[in-house]
Amino acid sequence: MSHPLQGSKPGESTAHLPALQPSGEVLVTGGCGYIGSHAVRALCEAGYSVVIFDNLYTGHLEAVMGACDFKLYQGDLRDEKAVESVFKQHKISGVLHFAGLTLVGESVRDPETYYGANVTGGLNLLAACKRYKVPRFIFSSTAAVYGNPQASPIAEDHSLRPINPYGRTKLAFEHALESYHDAHGIRFVTLRYFNAAGAHPSGDMGEAHDPESHLIPNACRVGLGQLERLTVYGKDYETPDGTGIRDYIHVWDLAQAHVAALEYLAAGGECGAFNVGTGQGHSVLEVIRAVERASGRSIPFTVGERRPGDPPRLVADPARLQASLAFKPARSDLKTICEDAWRWHSNHPHLYGKP
Ligand SMILES: NC(=O)c1ccc[n+]([C@@H]2O[C@H](COP(=O)([O-])OP(=O)(O)OC[C@H]3O[C@@H](n4cnc5c(N)ncnc54)[C@H](O)[C@@H]3O)[C@@H](O)[C@H]2O)c1
């Protein structure tokens, strides 16, 4: 960064500073999606006024209805006028930017759409933030920006060489954000999530993707008899049981990390990227066993070929996040994640749809 603003450095805690009084309105793009809807609820509980902007392409209105009081604009980030109109009507003091397309395979087949949504859409948002002098911006990035890991656990200074268009669009936006910070003073935190999982502890909101590419919801669907069996992609990796290892963060913890990131910036914390994970890896087989215990059902699986580009192990080094933000994961042990996911799926076999 060419001229970092005053404040604590990443790795230096701001937890000693007085708590921020929530002020102004927080814009949540993608607030009807899986992670965004949990963040909306966490923001409301922390006392923030929330404005959601979402095109409802993969999001669900039902995910946020009744969760709290918020204003919702249905619109697409690629529509500059729609984005601008939100900033005209509200005094936005912070942005949480979740909106985007997220499927790796689809991004390989259709890079234009991914660059359009994740980069062009994001640039429209940044242009409005510049015009309306928005001081704080939190971006949902991903471990996919690291590409094939050269080390484990992965720290933020690991090389950034994404191997698919999804990861490349996320990295391109990280660079754009840093440039807007340098040129226009927008202060930012980039959160690089590892695997978000689980559901709200109440069981009334959770993960509802279609198609679903994630292991835990698909294991729950097998438990419910909605899928016959899981496919385990590769059992010949150099890991203790031969299956891939991932770092799971509970979605409710992830939501709290966003509130902590806003408060970190408001307290003068230095801009930068932070891994969001636990530092603990779990293999695919361990996850399947944990869902079996949570559900009391058997989860049959077959072993398929490795998927190209799937590294054997993706585990975060979360030291920077935990040292800088007033945040500690509270529900991210595998047992709680799987119990919460199962509660949501078994109570909502049709997800947000009608029976
Ligand atoms: N789920 C994970 O494990 C994970 C891991 C790493 C990073 N991420 C990132 O976190 C963010 C949220 O992920 P998620 O799992 O909640 O995804 P999601 O698909 O559930 O949510 C995305 C939301 O953005 C909205 N949206 C998409 N394109 C839009 C556009 N052009 N204009 C307006 N709204 C749009 C969708 O309708 C949806 O509500 C994404 O940016 C994703 O890349 C997720």
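## Side note on the pattern of salt bridges
Logical step 1: Under the counting rule described, the total for this entry stands at 11 salt bridges.
Logical step 2: The partner of R131 in a salt bridge is E84, and the shortest N-O contact between them spans 2.5 Å. Of this pair, R131 sits in helix α4 (residues 111-131) while E84 sits in helix α2 (residues 80-89); the two residues are 47 residues apart in sequence, bridging distant segments of the chain.
Logical step 3: The residue K335 makes a salt bridge to E339 at a minimum N-O spacing of 3.0 Å. Highlighted residues: K335 and E339, both in helix α10 (residues 334-347), separated by 4 residues, approximately one helical turn.
Logical step 4: The partly exposed category is assigned to E339, whose relative accessible area is 29%.
Logical step 5: Each of R246, R307 and D310 takes part in salt bridges that share partners, so that together they form one network.

## Let's talk about the pairing of strand β2 (residues 49-54)
Logical step 1: Counting buried residues in β2 gives 5 out of 6 residues, a clear majority hidden from the surface.
Logical step 2: In this fold, the crossover linking strand β1 (residues 25-29) to β2 by way of helix α1 (residues 34-45) has right-handed handedness.
Logical step 3: Judged from the 5 bridges that link them, β2 and strand β3 (residues 70-74) form a sheet pairing that is parallel. Bridge pairing links V51 to K71 in β3.

## Re the sheet that holds strand β6 (residues 187-193)
Logical step 1: A sheet is described by the order of its strands in space; here 7 strands give the open sequence β3-β2-β1-β4-β5-β6-β11, paired in parallel fashion. Each edge of the open sheet is held by one strand with a lone partner, namely β3 and β11 (272-276). Ignoring strand direction, the axes of neighbouring strands in this sheet form an average angle of 20°.
Logical step 2: Those strands touched by helix α5 (residues 165-184) are β4 (92-97), β5 (136-142) and β6, and its axis lies near 160° from that of β5.

## Overview of the packing of aromatic side chains
Logical step 1: If you walk through the whole model with that rule in mind, you get 6 aromatic pairs.
Logical step 2: Their ring planes at 55° and their centres at 4.7 Å tell us that F139 and F173 sit as a pair that is tilted. You can see F139 sitting in strand β5 and its partner F173 sitting in helix α5, a full 34 residues away along the chain.
Logical step 3: For F139, a relative accessible area of 2% gives the class buried.
Logical step 4: Their ring planes at 35° and their centres at 6.4 Å tell us that Y146 and F194 sit as a pair that is tilted.

## Some remarks on helix α7 (residues 251-266)
Logical step 1: Here α7 contains 16 residues, and its C-alpha end-to-end distance of 23 Å stays within 8% of the 22 Å for a straight helix at 1.5 Å per residue.
Logical step 2: With 13 of its 16 residues buried, α7 lies for the most part within the structure.
Logical step 3: Just beyond α7, the residue with positive phi is G268, at close to 95°.

The rules we used
- Residues numbered from 1 in each chain as written.
- Predicted model: local features only at pLDDT ≥ 70, side-chain atom pairs only at ≥ 80, totals over all residues.
- Heavy atoms only, no water.
- Salt bridge = Lys/Arg side-chain N within 4 Å of Asp/Glu carboxyl O.
- Helix = DSSP H or I, 4+ residues; strand = E, 2+ residues; numbered from the N terminus.
- Buried < 20%, exposed > 50% of the residue type's maximum accessible area, 1.4 Å probe, protein only.
- Right-handed = clockwise from strand over helix to strand, strands pointing away.
- Pairing = 2+ DSSP bridges.
- Axes fitted to C-alpha atoms, helices over the stretch in contact; angles between N-to-C directions.
- Contact = heavy atoms within 4.5 Å.
- Phe/Tyr/Trp six-rings, centres within 6.5 Å; stacked < 30°, edge-to-face > 60°.
- Expected span 1.5 Å × (residues − 1).

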